[in-house]
Amino acid sequence: MNGIKFIKENGGLGRKLSGDTHVSGLLVYGEAPFNISAVYSIKELEDLGVNKNSVLHYQASEFFRINQGAKLYCQSVASSDGLFTEVKNMLSFSNGSIRQIAICDFKTPVSKLIETTKALEKHATYFWNKNTPVNFLLSVKVSSTDLATLANLREQKCENVSVVIGQDGGGRGSYLAKTTPSISCIGAVLGSLSKSNVHESIAWVERQNLVTEDPYDKKLTGGSILARELDEPAICDGSLVSSFTDDQLGQFDEKGYLFAIKHVGVAGSFLNDSHTATSLDSDYAYIENGRTISEAVRKINRALIPKVSSPTYVDATTGELDPTTVSGLEALCDQQLDEMIVKGQISGYSVSINPNQKILTSSKLRIVLKIVPVGTLREIEVSIGLTLKN
C-alpha cells in the first residue's frame with residue numbers, strides 16, 4: 001500500500017554504558033594491520049578507516065549489535081607470533097581496564113589449539129599477578145576433518161580461556177566465511193560476555209538471545225542475503241548446527257567448546273554454555289566463576305592499595321595488631337563486597353584478619369577472603385505424569 005514508512009534507528013546518540021565490566025578487547029589475526037583504537041560504536045571504528053578489514057569490521061559490528069554503548073579496544077595484525085605479544089600491548093594500552101579479550105585467529109590451525117590456549121593462559125596469569133585479571137575468548141581455523149578429533153579442553157588447566165567454534169550459518173558471517181573460512185562468531189560472544197553481569201552465564205536464555213531483529217544491510221552481504229545474524233547457527237567449518245545429531249553436539253559441549261544452539265519453544269539462538277578450558281572439578285570451570293573472583297580482586301585492590309606502606313600499630317603488651325587497625329581494614333573489604341552483594345554478584349562472603357601476625361618482623365599482613373558465589377541453573381528436571389486425582 002502507498003504511504004510513508006518510518007524506520008526508527010538506534011545508536012545515533014552514542015550513549016556510553018556506565019561501569020567498567022563491559023570494557024573489552026578484540027584482536028584479529030590474519031588481516032592488514034590496524035592500530036589499537038578504543039571506540040564505543042561501529043561508526044566510530046568506521047571513521048577510523050576499518051572498512052577494508054572485513055573480519056575486524058564484522059566482529060566489532062557483532063559486538064556492538066549485542067551490547068550497544070560498550071567500550072571496545074580493537075586491533076588487527078597480519079600474523080601471530082604465537083606469543084600473543086599484542087595481547088599484552090593492548091592490556092597495557094588500556095591501563096588494565098579491559099576485562100575480556102576476544103582473539104579471532106582464522107589462520108592458525110586447530111592442531112595448534114592447545115599450545116595457543118596455554119600461551120594465553122600465561123598472559124592471564126601475568127595480569128592476575130598485576131591485580132588486573134582478564135578473561136580470553138579464542139577462535140582458530142577449523143575444518144570439517146578436524147571436528148572428530150577436537151582436543152578435550154576439559155583436560156587443560158587454562159581456566160581463563162574459552163574457545164569458540166560457533167559461527168553464523170545464514171547471514172553476514174556465512175557470506176564472509178565463503179572467502180575467509182573459520183571467522184567464527186566470537187564478536188557476538190564477546191558482546192554477550194560484556195553485556196552480562198560478572199556472575200551471569202552467557203548462556204542465560206532469558207537475557208542472552210544472540211539474534212536481534214534487524215539484518216545487516218545487503219551491501220555487507222554481497223547484495224543478496226537479508227537474514228538475521230546467527231538465526232541459523234553453524235560451526236566454524238561452515239556446517240550448520242542443525243546438521244549434527246544431539247550426540248555430536250553433546251561431544252563438542254563435553255569437550256568444553258562454545259557455539260550457538262536452538263532451544264525448543266523459544267525463538268532465537270543461544271550459547272550452549274560458558275565453559276572454560278579446564279577440568280569440571282575446578283572452581284573456575286565456567287566463565288562467570290572466574291569473572292566474579294576477578295571483580296572482587298579489582299575492587300579489593302582499589303580499596304587496599306592506598307594502605308600500602310602506611311603505619312600499622314600493634315598492642316604494646318601483646319604484640320598483636322591493634323584492634324582499630326584490624327577493624328578498619330576489614331571494613332574496607334566489607335564495603336567492596338557488600339556492593340557486590342547489592343548488585344547480586346555474590347551470595348555472601350567473609351573477611352578475617354588474624355591479629356596475631358608478626359607485622360613488626362615481616363611487614364606483611366594476611367587477609368583471608370572467602371566468597372560464596374551465585375549458582376547457575378544449567379539443567380531443570382521436571383517429573384510429570386497423569387493421575388486420577390491430585
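Coordinates for the structure precede this section.
Cut-offs used in this document
- Residues numbered from 1 in each chain as written.
- Predicted model: local features only at pLDDT ≥ 70, side-chain atom pairs only at ≥ 80, totals over all residues.
- Heavy atoms only, no water.
- Helix = DSSP H or I, 4+ residues; strand = E, 2+ residues; numbered from the N terminus.
- Rg over C-alpha atoms; globule rule 2.2 N^0.38 Å.
- Buried < 20%, exposed > 50% of the residue type's maximum accessible area, 1.4 Å probe, protein only.
- Contact = heavy atoms within 4.5 Å.
- Areas by Shrake-Rupley, 256 points an atom, 1.4 Å probe, with all protein chains shown as cover.
- Lys, Arg positive; Asp, Glu negative; His and termini not counted.
- Charge placed at Lys NZ, Arg CZ, Asp CG, Glu CD.
- Pairing = 2+ DSSP bridges.
- Axes fitted to C-alpha atoms, helices over the stretch in contact; angles between N-to-C directions.
- Patch = residues over 30% accessible without salt bridge, like charges linked within 9 Å, V, L, I, M, F, W, Y side chains within 5 Å.
- Salt bridge = Lys/Arg side-chain N within 4 Å of Asp/Glu carboxyl O.
- Core = buried A, V, L, I, M, F, W, Y, C linked by side-chain atoms within 4.5 Å.
- Phe/Tyr/Trp six-rings, centres within 6.5 Å; stacked < 30°, edge-to-face > 60°.
- Lys NZ or Arg CZ within 6 Å of the ring centre and 35° of its normal.
- Arc of directions from axis to C-beta.

Engineer: Account for the overall build of the protein chain, with residues named and values stated.
Structural biologist: Within the protein chain, the regular secondary structure consists of 10 helices and 15 strands. Computed over the C-alpha atoms, the radius of gyration of the protein chain is 23 Å, within 12% of the 21 Å expected from 2.2 N^0.38 for a compact globule of 390 residues. Referenced to the eigenvectors of the C-alpha coordinate spread, the extents of the protein chain come out at roughly 90 × 70 × 50 Å. Expressed as a percentage of the 390 residues in the protein chain, the buried residues total 48%. Taking the contacts inside the protein chain whose residues are at least 6 apart along the sequence as the reference set, 71% of them involve residues at least 24 apart. By element, 51% of the accessible surface of the protein chain is carried by carbon and sulfur atoms, the whole surface being about 20,300 Å². Where the 39 positive side-chain charges of the protein chain centre and where its 43 negative ones centre are 5 Å apart.

Engineer: Tell me about the sheet that holds strand S7 (residues 161–164), and name the residues and values.
Structural biologist: Strand order across the open sheet formed by 7 strands is S2-S3-S1-S4-S5-S7-S10, with mixed pairing between neighbours. Edge positions in the open sheet fall to strand S2 (34–39) and strand S10 (257–258), since each of these has one partner strand only. Where strand S1 (residues 24–29) and strand S4 (residues 100–109) come together, 6 bridges link them in parallel fashion. Directly across from Val28, in S4, lies its bridge partner Cys104. The strands that helix H2 (residues 54–66) touches are S1, S2, strand S3 (72–77) and S4; relative to S3, the one it contacts most, it runs at about 160°.

Engineer: So what's going on with a nonpolar patch on the surface? Residues and values would help.
Structural biologist: Among the surface-exposed residues, Leu377, Ile380, Val382 and Ile384 lie close enough to one another that they form a single nonpolar patch of about 540 Å² accessible area. Residue placement: Ile384 occurs in the segment after strand S15 (368–372).

Engineer: Break down the nonpolar core for me, with residues and values.
Structural biologist: Residues Val87, Ile101, Ile103 and Phe136 are the most contacted members of the largest nonpolar core, which totals 40 residues. Looking at this core, the elements with two or more residues in it are S1, S3, helix H3 (85–93), S4, helix H4 (113–129), strand S5 (135–141), S7 and helix H7 (246–254). No other element matches the 5 residues that H4 contributes to this core.

Engineer: How would you explain the pattern of salt bridges if you had to name every residue and give the values?
Structural biologist: Throughout the structure, instances matching the rule amount to 10 salt bridges. Lys43 is the partner of Asp47 in a salt bridge, and the nearest nitrogen-oxygen pair spans 3.2 Å. Remark: Lys43 and Asp47 occur in helix H1 (residues 42–47); sequence separation between them is 4 residues, near one turn of the helix. Classification of Lys43 as exposed rests on a relative accessible area of 51%.

Engineer: Summarise the pairing of S3; cite the residues concerned and give the values.
Structural biologist: Within S3, 6 of the 6 residues are buried, which leaves the element mostly enclosed by the surrounding structure. Alternating residues of S3 divide into Leu72, Cys74 and Ser76 and Tyr73, Gln75 and Val77, and every residue in both groups is buried. Summarising the sheet, S1 and S3 pair through 6 bridges and their orientation is parallel. Counterpart to Val28 in the pairing with S3 is Ser76. Pairing geometry for S2 and S3, over 4 bridges, is antiparallel. Across the sheet, the residue bridging to Val39 is Leu72, located in S3.

Engineer: Now, about the packing of aromatic side chains: what can you tell me, with residues and values included?
Structural biologist: Evaluated as defined, the whole model comprises 6 aromatic pairs. With centroids separated by 6.1 Å and ring planes inclined at 85°, the aromatic side chains of Tyr73 and Phe93 adopt a geometry described as edge-to-face. Placement of the pair is Tyr73 in strand S3 and Phe93 in helix H3, with a sequence separation of 20 residues. What makes Tyr73 buried here is its relative accessible area of 6%. The aromatic ring of Tyr126 is capped on one face by Lys88, whose charged end is 4.2 Å from the ring centroid. Above the plane of the ring of Tyr286 lies Arg154, whose end atom (NZ or CZ) is 5.3 Å from the centre.

Engineer: Lay out H3 with the relevant residues and their values.
Structural biologist: Restricting attention to buried positions, one finds in H3 the residues Glu86, Val87, Met90 and Leu91. Mapping the buried residues of H3 onto a view down its axis gives an arc of 135°, with all of them on the same face. Among the structural elements, S1, S2, S3, S4, H4 and S5 are those in contact with the buried residues of H3. Where H3 terminates, the next one or two residues include Asn95, which has phi positive at roughly 55°.

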